[in-house]
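# Coordinates in review
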Amino acid sequence: MNFPYQLQSRPVADPASVVTGERYRITVLTDGLVRLEYADNGVFEDRASTFAVNRHLPVPDFRVLEAGGHLEIVTSRFRLTYDQGPFTTSGLSLAVQGGVSAYHSVWRYGQEARDLGGTARTLDEADGPVPLEPGVVSRKGFAVVDDSHSFLFDDNGWVTADNINRTDLYVFAYGHDYAAALAAFYAVSGRTPVLPRFALGNWWSRHHQYTAESYLALIARFRSEGIPLSVGVVDMDWHLVDVDPAHGSGWTGYTWNRDLFPDPEKFLDELHESGLRVTLNVHPADGVRSFEEAYPAMTAALGRDPALAEPIAFDVTDRGFLAAYFEVLHRRLEAGGVDFWWLDWQSGPYSRVRGIDPLWMLNHFHYLDNGRDGRRALTFSRYAGPGSHRYPVGFSGDTVISWASLAFQPHFTATAANIGYGWWSHDIGGHFFGARDDELATRWMQLGTFSPIMRLHSGKNPFVTKEPWAFPAPAQEVMTSFLRLRHRLVPYLHTMNHRAATDGLPLVLPMYYHSPKADEAYQVPNQYQFGTELVVAAITEPADLRTGLARVKAWLPEGTWVDVLTDMVYDGGRTMYLHRDLTTIPVLAAGGAIVPMDGRAFPGNELVNPAHLELLVVVGADGDFELLEDDDTATGPLGRTRITYDQDSGAVVIGPAHGGVDAVPATRRWTVTFPALDAIVDPVATADGAPTLARIDREGTRTSVTVEDVPATAALRIDLGGCPRLRRNDVAERLFTMLDRAQIEYRQKTRVLDCATSAHSLAVRLSGLQAMGLADEVFTAVGEILLAKADEPPRSELT
């Protein structure tokens, strides 16, 4: 079978990169990445593998030295020493050079690399942490990807696993330059594709026996509640599940259940008209049985007799079956309106051909088939190993409903970047087990808003559901606001979507990518970078009963930081507890941050380039951001709008759009919002150098400037005046609010407030608070407010 939509690959390295012996071959792929092969028969592998699709890279500078039977290969990043025999711990080593401890930064063949971890195949039934497979970054400076047992692709795009007796290792030696290690990974394994824009909104998913009528009524209810959705997931009950036991189970199916969905095409059309894209769940392991509507066409395609009614086994290693699997089963349903497939493979890594994992095959060919018409492809499936980033998005499996499960997800999502896997989709809110906990469900939804993919999901239990209106206040209001926020963030998310593809940096990154030499960056598993402008500290523990606040340990790098959801201002360069009530979580931006958002308070289902854009701009340092917009096709050019902020002049400049300007609205309303701005004078707006009308709004601690009808080709400038400042935190007011809600003695509240807002030095006030014997959660909550900024005055007017 010839696959015209196969991945492009250049698997043969430049000969100038290769050092070869009788039974070994060493390929210097980059200055920090080397491929090490050993084969007893002296035959080496040049075909693309599941991990390595491009070995033809620019030849780096390196030296080859030979002395005393030993071979040395030296680049600017490593020194490889090899005795030219079979690979052994004593005969093959690599020392990382530059900035890493010489004692710890020597890799020896056969020794565990002990990297920072990558990701795992699934979180199915995991109630807390699971072991992680390796990544390509390490505090010791080296990491290894073992490609010895990966299956291979031939020139026609088909697969083989005839590579059993070989050693094939890729050693990454980038020290603490984690971004460079990731860039090398993508150079060899292929870039992350750009997701279609609709994938970045809210997904609705529930294992429930919907009818067409009830599903459409649900979507209408979401719309009436002002809650946007972009993807409708229909779990397995779309197809026949109650089948004759003679056929086996009903988990696999390709025939619509017309008792539930009497007119499938009309149902899908109505979802599309509501602005949603649709994915159907499929468990393909049981093949095609005789009761399926597609059975006659499948037997015809495979040259079998339908009268025999023999089941057609699922065999992903059979080219004929795979061709019919797509052309007869899936494309028939796609013609009726299915946009992409949720591949729920739960049947292990084994197929009829040793070494070929069915999950890999499904991910690879489903993704390519989905993009066959030049559209942006998408599939939805579990992780299958290094190289899986080429087939987004990932389904992390059936999640247990528990605080332990929630607590692991931020770390699990962030470390996946270490193996280039940036688009995990979790069961937000959990799938099964556990107990009802409205606080847990709300915190999970907040995490989902600041996750790569936001997919609400519930299991089959009728009591497990995620509709916000099924929860009492305040959970309902908080869930609703965060789901709206997710759609408002799409201009930012889609820009980061492109950045992940072009710059090789996933949306979610561990903090140690920001500061690899800082120990503190490795000690905040719940905290992560969310694109270039934001840092999120997810709250994954229940609130303290005394304060009503939940807390999370966070590390703030040097600089000044603003929580863009509360306008609290912090000095950086330290680790501290951040406390939040149920309405919010810490979402921090440093001075100079620029965050583009949909300007509508109630964004719709259809994710388009908005005619009203709001920019969050944090003053205090210079900022530069390029907004990327497109027509959401695989070939359309990018519209680029550069936005800068200059601290000395206090000017925000929104440049004219260029590139694919046809994708950008011809005119736009721009709102520039300055969180926590110490507003002294009214801002001034100019368009192409001429004064223009602007509306100035001041609400609470922020100032917004809105200008109407700005042409896409015009430059807009908002002037605040030189060196604008962030406002001081109102310490006394925030302390009073915190203590007022606290479930502690009234007399203790008064003592704490009097001490904390006294005219004494900060050291004296803290000593006094410490001597009161406060509960730790109360003391740290008070301490956060007092210590957020070093220069805060102790008193202000209390209202």
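Scroll up to find the structure.
Below, the structure is looked at part by part. (Residues numbered from 1 in each chain as written. Predicted model: local features only at pLDDT ≥ 70, side-chain atom pairs only at ≥ 80, totals over all residues. Heavy atoms only, no water.)

### A few points about a negative patch on the surface
Among the surface-exposed residues, Asp-263, Glu-265, Asp-269 and Glu-273 lie close enough to one another that they form a single negatively charged patch. Here Asp-263 shows up in the loop between strand 15 (231-234) and helix 3 (264-273). (Patch = residues over 30% accessible without salt bridge, like charges linked within 9 Å, V, L, I, M, F, W, Y side chains within 5 Å. Areas by Shrake-Rupley, 256 points an atom, 1.4 Å probe, with all protein chains shown as cover. Salt bridge = Lys/Arg side-chain N within 4 Å of Asp/Glu carboxyl O. Lys, Arg positive; Asp, Glu negative; His and termini not counted. Charge placed at Lys NZ, Arg CZ, Asp CG, Glu CD. Helix = DSSP H or I, 4+ residues; strand = E, 2+ residues; numbered from the N terminus.)

### Description of the sheet that holds strand 5 (residues 63-67)
Across the sheet, 5 strands lie side by side as 5-6-7-8-9; this open sheet has antiparallel pairing. Strands with a single pairing partner mark the edges of an open sheet, and in this sheet they are strand 5 and strand 9 (106-108). Adjacent strand axes in the sheet meet at a mean angle of 15°, parallel and antiparallel pairs treated alike. Pairing of strand 8 (residues 92-96) with strand 9, which is carried by 3 bridges, proceeds in the antiparallel orientation. The partner of Ser-93 across the bridge, within strand 9, is Arg-108. (Pairing = 2+ DSSP bridges. Axes fitted to C-alpha atoms, helices over the stretch in contact; angles between N-to-C directions.)

### Section: the sheet that holds strand 23 (residues 527-530)
Overall, antiparallel pairing links the 6 strands, which are arranged 22-23-24-29-26-27 in an open sheet. Bordering the open sheet on either side are strand 22 (508-510) and strand 27 (569-571), each of which pairs with just one other strand. Sheet twist, expressed as the average angle between the axes of neighbouring strands with direction ignored, equals 35°. Examined bridge by bridge, strand 26 (residues 560-563) and strand 27 share 3 bridges and lie antiparallel to one another.

### A look at the environment of Asp-624
Residue position: Asp-624 is located in strand 32 (residues 623-629). Asp-624 gets classed as partly exposed once you look at its relative accessible area, which sits at 44%. Sequence-wise, Asp-624 and Val-53 are 571 residues apart; in three dimensions their C-alpha atoms are separated by 34 Å. Excluding residues that lie within four positions of it along the chain, Asp-624 makes contacts with Gly-592, Ile-594, Arg-642, Ile-643 and Thr-644. A distance of 2.4 Å separates the side chain of Asp-624 from the side chain of Arg-642, its partner in a polar contact. (Buried < 20%, exposed > 50% of the residue type's maximum accessible area, 1.4 Å probe, protein only. Contact = heavy atoms within 4.5 Å. Polar contact = N/O pair within 3.5 Å; in protein donor to acceptor, adjacent residues only side chain to side chain.)

### Brief notes about unusual backbone geometry
A negative phi angle characterises most non-glycine residues, just as the trans form characterises most peptide bonds. Here the residue pair Pro-392 and Val-393 is connected by a cis peptide bond, since its omega of 10° sits within 30 degrees of zero. Mapped onto the fold, Val-393 is located in the loop between strand 18 (380-381) and strand 19 (394-395). In the segment running from Ala-473 into Pro-474, the intervening peptide bond is cis, with an omega of 0°. For Pro-474, the location among the structural elements is in the loop between strand 21 (454-458) and helix 9 (475-488). Non-glycine residue Glu-125 carries a positive phi angle of around 60°. The topology assignment puts Glu-125 in the loop between strand 9 and strand 10 (143-146). Taking relative accessible area as the criterion, Glu-125 reaches 56% and is therefore assigned exposed. Residue Asp-632 is not a glycine yet carries a positive backbone phi of 65°. Along the polypeptide, Asp-632 turns up in the loop between strand 32 and strand 33 (639-646).

### Brief notes about the pairing of strand 30 (residues 594-598)
Within strand 30, 5 of the 5 residues are buried, which leaves the element mostly enclosed by the surrounding structure. With 5 bridges joining them, strand 30 and strand 31 (residues 612-617) adopt antiparallel strand pairing. Residue pairing across strands places Ile-594 opposite Val-617, the latter belonging to strand 31.

### Here we look at the packing of helix 11 (residues 731-741) against helix 12 (residues 746-756)
The geometry of helix 11 relative to helix 12 is characterised by a closest axis approach of 10 Å and an angle of 165° between their N-to-C directions. Between helix 11 and helix 12, the interaxial angle falls into the category roughly antiparallel. When the axes of helix 11 and helix 12 are compared, the crossing they make is right-handed. For the pair formed by helix 11 and helix 12, the contact residues are Ala-732, Leu-735, Phe-736, Leu-739 and Asp-740 on the first element and Lys-749, Val-752, Leu-753 and Ala-756 on the second. Along the lines of polarity and charge, the residues of the contact of helix 11 with helix 12 split into 7 nonpolar, no polar and 2 charged. (Parallel < 35°, antiparallel > 145°, perpendicular 65-115°, else oblique. Left-handed = near helix turned anticlockwise from the far one by under 90°. Nonpolar A, V, L, I, M, F, W, Y, C, P; charged D, E, K, R; others polar.)

### Quick notes on helix 4 (residues 295-302)
Listing the buried residues of helix 4 in full gives Tyr-295, Met-298 and Thr-299. When helix 4 is viewed along its axis, its buried side chains cluster within an angular range of 95° and face the same direction. On its buried face, helix 4 sits against helix 5 (319-335). Trailing helix 4 by a residue or two, Gly-303 shows a phi angle of about 70°, which is positive. (Arc of directions from axis to C-beta.)

### A short note on the side chain of Glu-334
Along the chain, the position of Glu-334 falls in helix 5. Take Glu-334: its relative accessible area is 11%, and that puts it in the buried class. One polar contact links Glu-334 to Trp-341, side chain to side chain, over a distance of 2.9 Å. Setting aside anything within four residues of it in sequence, one finds Glu-334 in contact with Trp-341, Asp-369, Arg-372 and Arg-375.

### What to know about the pattern of salt bridges
The final tally for this structure, using the stated rule, is 44 salt bridges. One salt bridge connects Asp-632 with Arg-376, and the closest N-O pair in it is separated by 3.0 Å. With a gap of 256 residues between them, Asp-632 in the loop between strand 32 and strand 33 and Arg-376 in the loop between helix 6 (358-370) and strand 18 connect regions that are remote in the sequence. Of the two residues examined, Asp-632 and Arg-376, each falls in the buried class. A salt bridge links Asp-697 to Arg-695; the shortest N-O distance between them is 3.0 Å. On the accessibility criterion, Arg-695 (43% relative accessible area) is partly exposed. Several salt bridges share partner residues, and in doing so they unite Arg-25, Arg-35, Glu-37, Asp-46, Arg-166 and Asp-168 into one network.

### Comments concerning the pairing of strand 21
Of all 5 residues making up strand 21, 5 are buried, and the element is well covered by its neighbours. The alternating pattern of strand 21 places Met-454, Leu-456 and Ser-458 on one face and Arg-455 and His-457 on the opposite face, and all of these are buried. Note that strand 14 (residues 202-206) and strand 21 share 5 bridges and pair parallel. In the strand pairing of strand 21, Ser-205 is matched with His-457.

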